[in-house]
Amino acid sequence: MRAFVLTAIIIIIAFVVKVDLTEGSLQFSAFSLKNSDNALCEKQREPNYITVQTIQGDTIHSLFALHPAKVPMTFPERLELFYQLNPHLQLQALIPGENIKLPLSFEFENKCGK
């Protein structure tokens, strides 16, 4: 009789552990899924920008002067956004004829379709 009760207890514990590991005992999975979708959506957001084609002699300073920002922002803030939009330009100079993105504001466009 002891063996039967012990076997039943082990089977019940194994079943509870299996269900807990596969389905979870707390229903927080819906919250974490929404947060992961938000994080994915955040990665798809980009600041407002325009695309310009560079010519010989262009510098970042001259491009910022020709195309001022829509909202007041400091040069370092705008430069940070510039390098977020054009990461390949961190280690190279502007090449004539290249299309680059110039940030205009901090406001982000939502690329998730919401």
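Summary of the structure given here. Numbers given to residues run from 1 along each chain, matching the order in which its sequence is written. Residue-level local features of this predicted model are given only where pLDDT is at least 70; pairs of side-chain atoms are given and counted only at 80 or more, and the full residue set underlies all totals for whole chains, interfaces and linings. For the side-chain quantities, the full set of heavy atoms in the structure was used; hydrogens and water were omitted.

## Some points on the side chain of D58
In step 1: Starting at the N terminus, helices and strands are each numbered in turn, a helix being any DSSP run of H or I of at least four residues and a strand any DSSP run of E of at least two. Secondary-structure assignment places D58 in the loop between β1 (46-53) and α3 (60-66).
In step 2: Burial classes follow relative accessibility: with a 1.4 Å probe on protein chains only, a residue under 20% of its type's maximum area counts as buried, one over 50% as exposed, and anything between as partly exposed. Positive: Lys, Arg. Negative: Asp, Glu. His and the chain ends are not part of the count. Definition used for salt bridges: Asp or Glu carboxyl oxygen within 4 Å of a side-chain nitrogen of Lys or Arg. We note that D58 is buried and unpaired, the nearest opposite charge coming from R78 at a distance of 13 Å.
In step 3: Nitrogen and oxygen atoms within 3.5 Å of one another constitute a polar contact, given that in protein one can donate a hydrogen and the other can accept it, and given that sequence-neighbouring residues count only through two side-chain atoms. A distance of 2.9 Å separates a polar atom in the side chain of D58 from the backbone nitrogen of I55.
In step 4: Discounting residues that sit within four places of it in the chain, D58 has contacts with Q53, L63 and L94. By definition in these notes, contact holds between two residues if any of their heavy atoms fall within 4.5 Å.

## Describing the nonpolar core
In step 1: Within this scheme, the nonpolar core is defined by two criteria: the residues are buried Ala, Val, Leu, Ile, Met, Phe, Trp, Tyr or Cys, and they are joined through side-chain atoms within 4.5 Å. V52, I60, L63, F64, F82, L89, L94, I100 and L102 together form the largest nonpolar core, which totals nine residues.
In step 2: Elements with a minimum of two residues in this core: α3 and β2 (99-109).
In step 3: Ranked by residue count, the leading element in this core is α3, at three residues.
In step 4: With residues up to four places along the chain from it excluded, the contact list for L89 reads F82, Y83, L94, E98 and I100.

These values are about where atoms sit, not about what they do.
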